[in-house]
Amino acid sequence: MTIPIADMKFRRTPKSPLLPKKRSGDSEAGFDGASFSGAVFNLSTTIVGAGIMALPAAVKQLGLIPGLIMIVLGAVLTESSIDMILRFTRASKTSSYSGLVGDSFGGPSRNLLQVCVVVNNLGMLVVYMIIMGDVLSGTWSDGVHHSGVMEEWFGQRWWTARFSLLLVTTLFVLAPLVSFKRVDSLRYTSALSVGLAVVFVAIIAGVATVKLIEGGVGFPRLMPKLENQASFWKLFTTIPILVTAYICHHNIHPIENELVDPNQMKSIVRTSLTFCSSVYVATSFFGFLLFGDQTLDDVLANFDGDLGIPYSLFLDDIVRVSYGLHLMLVFPIVFFSLRLNLDGLLFPYAIPIAFDNRRFYLITAALMGFIFLGANFIPSIWDAFQFTGATAAISVGYIFPAAVALRDTHGIATNKDRLVSLVMILLAVSSSTVAISSDIYSYFCSNKGAAQS
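If you're wondering where the values come from, they're calculated on a predicted model, not measured in any experiment.

**Topic: the overall build of the protein**
Next up, step 1: A tally of helices and strands in the protein yields 16 helices and two strands.
Next up, step 2: The long-range share in the protein, meaning contacts at least 24 apart out of those at least 6 apart in sequence, stands at 81%.

So, in C-alpha cells, the structure goes:
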C-alpha cells in the first residue's frame, strides 16, 4: 500500500514512532487498538525465548537459593529500567525508544541504539532458526549425531534433511507470520507461544515431582559449590544469562503505540514480568531438581534419553516439539522490532514502513534471506552472535536506559533513578566483560586443542 500525496503529513521525523499509531482510514478494518491481554501476550513472548533453556544451568552454578533470588531481582531491575524508559519518553514527547535516545544524546546515539537492536535481534533469530533445525533434523556434537524428531519418526530422507525442513518452515510458517504490519496481529500466536512455554514447565515439573516421590532424585544443592578459585570465577559466567533473560525493551514502544489506552502499559509490563519470572523460577527449580549436577548448559539437551519414568521417550518428543513450535511463534515478534529498527536506520525520514508495501516486503525478504542463509551455511555464526548479541542486548536493556536517566535532559530523574542506573551500568559492564573474556578464553582453548591434536 502506498499513501497519497495528501497523506505526506505522515512522513516521520526522528521523534516519530517507527510504527504509526492507529488513525482513521487504517487499512486493517476493524482495528480499534490493542487490548490489555494481547499486549501482555506479545510482551511475554518477547521475553521468553531461547534463554529459558539456559537458566537451570545458571541456577546449578549459583545454587538454588542465590539462583532463584537473582532471577527475581532481574525481573525487578528490568521493570525499573522499562519504567524509566516510559517516563522519560513521555517527558521528551517522543514515541519510540530511538527517539528518546536521540532526544537525550543526538542523532549518532539514536543510530547506535538502532544498530544494537538490529544486531541483537538478527543474531537472536539466526540462533532460533539453528535451534529449530536441531530440533527437527538433528545436530552433530563432538562427532556424534543427535537425531531430530523428524529423523526419529521418518528416518533419514531428503525431506527430513536440515535444509529442506528449514526451507519449508521459512516459506510456510515464518514468512506468513512476519508479514503482519501490526504487532497486535500476532496476539494469538503469542498466546499460543505462552501456552507452549507453560506446557514445557508443566512437563518438567510433573516429571521432577514423580521422580522426587519415587526417590529417584535428591533435593538440589542450595548454595554454590566452591572448590577452588576457578569455581569461584565460574559463578560470574551466569551474569550475562541472568542479565539478558528479560530483554524486551525494543518492543515496548511498538506495543504501547497500538494500545487503546497507553496508560495501561505500566500494568502490562508488570503483568508480563510477573508471569515470565514465574515461568523462569519454575523452570529453573524443577530443571535443577530433575537433573541436578548433570544439568547441561542447554537443558533441552537433557531431554535426549531415558528420563527414568514410563513414556519417557514420548515426553522427550513432546518437550522438543513444543519448544520448536514455541520458537517459531517467538520468531515473528522479535522480527517485528528488527524490521522496524533496520528501516528506521536506513530510511530515518521516509514514511512509516507500514505505508510502503515495496519497502516493507523488500526489507522483510532481505532479512529472512540473511537469517536462513546464516542458519544453514555459516557454522561459526553462532559464536559470532554470542559475542555481539550479548553486548548489544545488554546495551539495549541497561546501558541506554541508564544513560538517559543520568543525562536527565528534562529534569525528572529521582535519586532512585540515579541509583538504579548506576547498578544497571555496573551489571552491564561486568556481564559484558565476563562474556567477552569467556568467549576469548574459549576461542584460544579450542585453537590450542586443535593445534595439539
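On we go from here.
**Describing the side chain of serine 193**
Next up, step 1: For serine 193, the location among the structural elements is in helix 8 (residues 187-213).
Next up, step 2: Relative accessible area serves as the criterion here: at 0%, serine 193 is assigned to the buried category.
Next up, step 3: In contact with serine 193, other than residues within four places in its own chain, are Thr45, His326, Leu329 and Val330.

**Some points on unusual backbone geometry**
Next up, step 1: With phi around 55°, lysine 93 is a residue other than glycine that occupies positive phi space.
Next up, step 2: Inspection of the secondary structure assignment puts lysine 93 in the loop between helix 3 (64-92) and helix 4 (97-105).
Next up, step 3: On the accessibility criterion, lysine 93 (71% relative accessible area) is exposed.
Next up, step 4: Of note in this structure, aspartate 408 is not a glycine but carries a positive phi near 50°.

**So, the packing of helix 5 (residues 107-137) against helix 7 (residues 162-177)**
Next up, step 1: For the pair helix 5 and helix 7, the least separation of the axes is 9 Å and the interaxial angle reads 120°. In terms of orientation, helix 5 and helix 7 fall into the oblique class. The two elements helix 5 and helix 7 meet at a crossing, and its hand is right-handed. On the side of helix 5, the interface is formed by Met129, Ile130, Met132, Gly133, Asp134, Leu136 and Ser137, while helix 7 contributes Arg162, Leu165, Leu166, Thr169, Thr170 and Leu174.

**Structural notes on the confidence of the model for the protein**
Next up, step 1: Across the protein, the average pLDDT comes to 83, with 85% of residues at 70 or higher.
Next up, step 2: Low pLDDT, under 50, characterises residues 1-10; the predicted model gives this stretch 15 contacts beyond four residues in sequence or across chains.
Next up, step 3: Confidence drops under pLDDT 50 across residues 23-29; counting only partners more than four residues distant or on other chains, this segment forms eight contacts.

**Focus on the pattern of salt bridges**
For side chains bearing opposite charge, pairing can occur when the charged atoms are close.
Next up, step 1: Under the criterion given, the structure shown has 14 salt bridges.
Next up, step 2: In this structure, the salt-bridge partner of aspartate 83 is arginine 87, at a minimum N-O distance of 3.1 Å. In this pair, aspartate 83 and arginine 87 both sit in helix 3, four residues apart, roughly one turn of the helix.
Next up, step 3: The exposure class assigned to arginine 87 is partly exposed, which follows from its relative accessible area of 25%.
Next up, step 4: Put simply, arginine 359 and aspartate 343 hold a salt bridge, and the shortest N to O gap is 2.6 Å.

**Considering the packing of aromatic side chains**
Next up, step 1: By the definition in use, this model includes eight aromatic pairs.
Next up, step 2: Arranged with centres 5.4 Å apart and planes meeting at 85°, the rings of phenylalanine 291 and phenylalanine 303 form a pair that is edge-to-face. Residue phenylalanine 291 is located in helix 12 (residues 265-291), and its partner phenylalanine 303 is located in the loop between helix 12 and helix 13 (312-346); the two are separated by 12 residues in the primary sequence.
Next up, step 3: With relative accessibility at 12%, the residue phenylalanine 291 sits in the buried group.
Next up, step 4: You can call phenylalanine 303 buried: its relative accessible area is 0%.
Next up, step 5: An aromatic cluster of at least three residues, connected via ring pairs, comprises Phe163, Phe372 and Phe377.

Cut-off values and rules
- Residues numbered from 1 in each chain as written.
- Predicted model: local features only at pLDDT ≥ 70, side-chain atom pairs only at ≥ 80, totals over all residues.
- Heavy atoms only, no water.
- Helix = DSSP H or I, 4+ residues; strand = E, 2+ residues; numbered from the N terminus.
- Contact = heavy atoms within 4.5 Å.
- Buried < 20%, exposed > 50% of the residue type's maximum accessible area, 1.4 Å probe, protein only.
- Axes fitted to C-alpha atoms, helices over the stretch in contact; angles between N-to-C directions.
- Parallel < 35°, antiparallel > 145°, perpendicular 65-115°, else oblique.
- Left-handed = near helix turned anticlockwise from the far one by under 90°.
- pLDDT = per-residue confidence, 0-100.
- Salt bridge = Lys/Arg side-chain N within 4 Å of Asp/Glu carboxyl O.
- Phe/Tyr/Trp six-rings, centres within 6.5 Å; stacked < 30°, edge-to-face > 60°.

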